[in-house]
Amino acid sequence: MADIVRKQAVSVEVPTVRERLQAMDDSAVVTAFLGGEERAFSELVTRYQTRLLNFVYRTIGDREKAEDLVQEVFIRVYRHLHRFDRSKKFSTWVYTIASNLAKNELRNRSRNPLVLFQTVQKNSQDEDRPLQFEDTTSRPDDMYRKRHLREIVEESVAKLPEHHRNVFILRELEGKSYEEIAEITDCNLGTVKSRLNRARNSFAEIIAPYVD
Amino acid sequence: MDCRDFCEQHLAFVDDTLAGIELVRMQRHIAECESCAKQDAKIRRALLLFRNLPSIELSPDFSSRLEARLKSCQEDQLAMTQHSMRRGAIAAALASAVMLGYIGTTLFNQPVAPRDILLPPVVATVPEPELTPITTSAPAIVASVSAGLTIWPVALFAEQVPVRFAHSKLELTNYTR
């Protein structure tokens, strides 16, 4: 009887390591990982994998490559976390790595047109996917409209100059502050504001004919 | 406020970071200027579309692929650590060997310190001044220069100094005095 009571007390009071990690902020999770808690890294991956995938995908426009780059981000984080300046925000550091990798990818593409061709092929393959994967609750014409609209939006974003697009995605999709964007993109605050203003205006101009 | 000011402050206007007075001025301008109102609506609508893009989900094998890569990364790091530790150990072994060698040579090749020579004690006695007569069978030749110094053999200076014969029984006093 006493054993049962003790067991119940333990199960109620002591949260699991995973739960404790989930309750921590990024900085504490990083500290836990550096202190030897390997599971803390999984927590960081869980927190950032989807956000980073979306950020990288919107920047480079290639889903498969975006996944590879996100994996590369985590590998770099794993290798260099002991060098991370803990007085700064972890998320800013992670996005800086992702942003640099995405920039390199775009630069490599512009040098190697074959990569661009592969990307186009992938995109054309995406079009062959059945529509029910998009949204099973909508009517077919709604789904078509939605999918069509999504493609237009993505294409419009892709038309923005690279340095404008990067700032635009960080602000509008990731909700980063101007200061964080300045740190991630290694620009001053004025440049960030100017680029964001131009990106918004350009994006609105590009997409306007399709939505009016 | 004119249209140029409106465009300059539009970024902060959309982000709701304008101060109260500026916000009111912007709103008033939109109410008055149809062109700026259109532009504002166009931008807001475009942003709304972009912000509502469906989120991209990870492929099912993403986690397993990442796990495999992390594992290989861990192994690489471990191998590198072991390699550097091995190198460190070799370096430490070499350093300690050199150190031991140095200590050995300094200990065993140390020059032997000169020991004190033990001699039997010396008893010093004051010799009694004693005149010893020169006993020669034949008469000796003694030459002396004017300065009083006696030089042997006198034959070298025979032509320059007066010569005299000294009797064998002549008792010599101590010349050093």
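Residues numbered from 1 in each chain as written. Chains lettered and ligands numbered in written order. Predicted model: local features only at pLDDT ≥ 70, side-chain atom pairs only at ≥ 80, totals over all residues.

**Structural notes on the overall build of chain A**
Then, number 1: Across its full length, chain A holds 11 helices and zero strands.
Then, number 2: Element order for chain A, N to C, with α for helix and β for strand: α-α-α-α-α-α-α-α-α-α-α.
Then, number 3: Counting across all 212 residues of chain A, residues that qualify as buried make up 30%.
Then, number 4: For chain A, restricting intrachain contacts to residue pairs at least 6 apart in sequence, the fraction spanning at least 24 positions comes to 58%. (Helix = DSSP H or I, 4+ residues; strand = E, 2+ residues; numbered from the N terminus. Buried ≥ 20, exposed ≤ 12 C-beta atoms within 10 Å, placed from the backbone. Contact = placed C-beta atoms within 7 Å.)

**Let's talk about the overall build of chain B**
Then, number 1: Scanning chain B for helices and strands turns up four helices and three strands.
Then, number 2: In chain B, the order of α-helices and β-strands from amino to carboxyl end is α-α-α-α-β-β-β.
Then, number 3: Nonlocal contacts in chain B, meaning residues at least 24 apart in sequence, comprise 46% of its contacts between residues at least 6 apart.

**Section: helix H3 (residues 26–34) of chain A**
Residue and element names in this part refer to chain A.
Then, number 1: Those residues of H3 that fall on the buried side of the exposure criterion are Val-29, Val-30, Ala-32 and Phe-33. For H3, the angular spread of the buried residues around the axis is 160°, confining them to a single face.
Then, number 2: At its buried positions, H3 is contacted by helix H2 (17–23), helix H4 (39–60) and helix H6 (90–111).
Then, number 3: Backbone geometry just downstream of H3 places Gly-36 in the positive-phi region, at approximately 110°. (Arc of directions from axis to C-beta.)

**Here we look at the packing of helix H9 (residues 162–172) of chain A against helix H10 (residues 178–185) of chain A**
What describes two packed helices is the angle between their axes and the distance between those same axes.
Residue and element names in this part refer to chain A.
Then, number 1: Remark: H9 packs on H10, axes separated minimally by 10 Å, with the N-to-C direction vectors making an angle of 140°. Relative to H10, the element H9 lies oblique. By crossing handedness, the relation of H9 to H10 is classed as right-handed. Two secondary-structure elements touch here, H9 through Asn-166, Val-167, Leu-170 and Arg-171 and H10 through Ile-181, Ile-184 and Thr-185.
Then, number 2: Partitioned by chemical class, the residues of the contact of H9 with H10 number four nonpolar, two polar and one charged. (Axes fitted to C-alpha atoms, helices over the stretch in contact; angles between N-to-C directions. Parallel < 35°, antiparallel > 145°, perpendicular 65-115°, else oblique. Left-handed = near helix turned anticlockwise from the far one by under 90°. Nonpolar A, V, L, I, M, F, W, Y, C, P; charged D, E, K, R; others polar.)

**Quick notes on the interface of chain B and chain A**
Then, number 1: Contact with chain B, which involves 23 residues of that partner, is made by 27 residues of chain A.
Then, number 2: Secondary-structure elements contributing two or more residues to the side of chain B that touches chain A are helix H1 (3–14), helix H3 (34–51) and helix H4 (62–108) of chain B.
Then, number 3: The element that contributes the greatest number of residues to the side of chain B that touches chain A is H3 of chain B, accounting for eight residues.
Then, number 4: Residue classes in the side of chain B that touches chain A are distributed as 14 nonpolar, three polar and six charged.

**Focus on the confidence of the model for chain B**
Residue and element names in this part refer to chain B.
Then, number 1: Across chain B, pLDDT averages 76, with 69% of residues at or above 70.
Then, number 2: Model confidence for chain B, summarised as mean pLDDT per element, is weakest for strand S3 (residues 163–165) at 50 and strongest for H3 at 91.
Then, number 3: Here the complex is predicted with pTM 0.65, and the ipTM for its interfaces comes to 0.73. (pLDDT = per-residue confidence, 0-100.)

**Quick word on the environment of Asp-26 of chain A**
Residues and elements named next belong to chain A.
Then, number 1: Here Asp-26 is to be found in helix H3.
Then, number 2: Look at Asp-26 and you get partly exposed, because 17 C-beta atoms sit within 10 Å.
Then, number 3: Separated by 63 residues in sequence, Asp-26 and Lys-89 place their C-alpha atoms 8.1 Å apart.
Then, number 4: Every residue in contact with Asp-26, bar those within four places of it in the chain, is listed here: Phe-90 and Ser-91.

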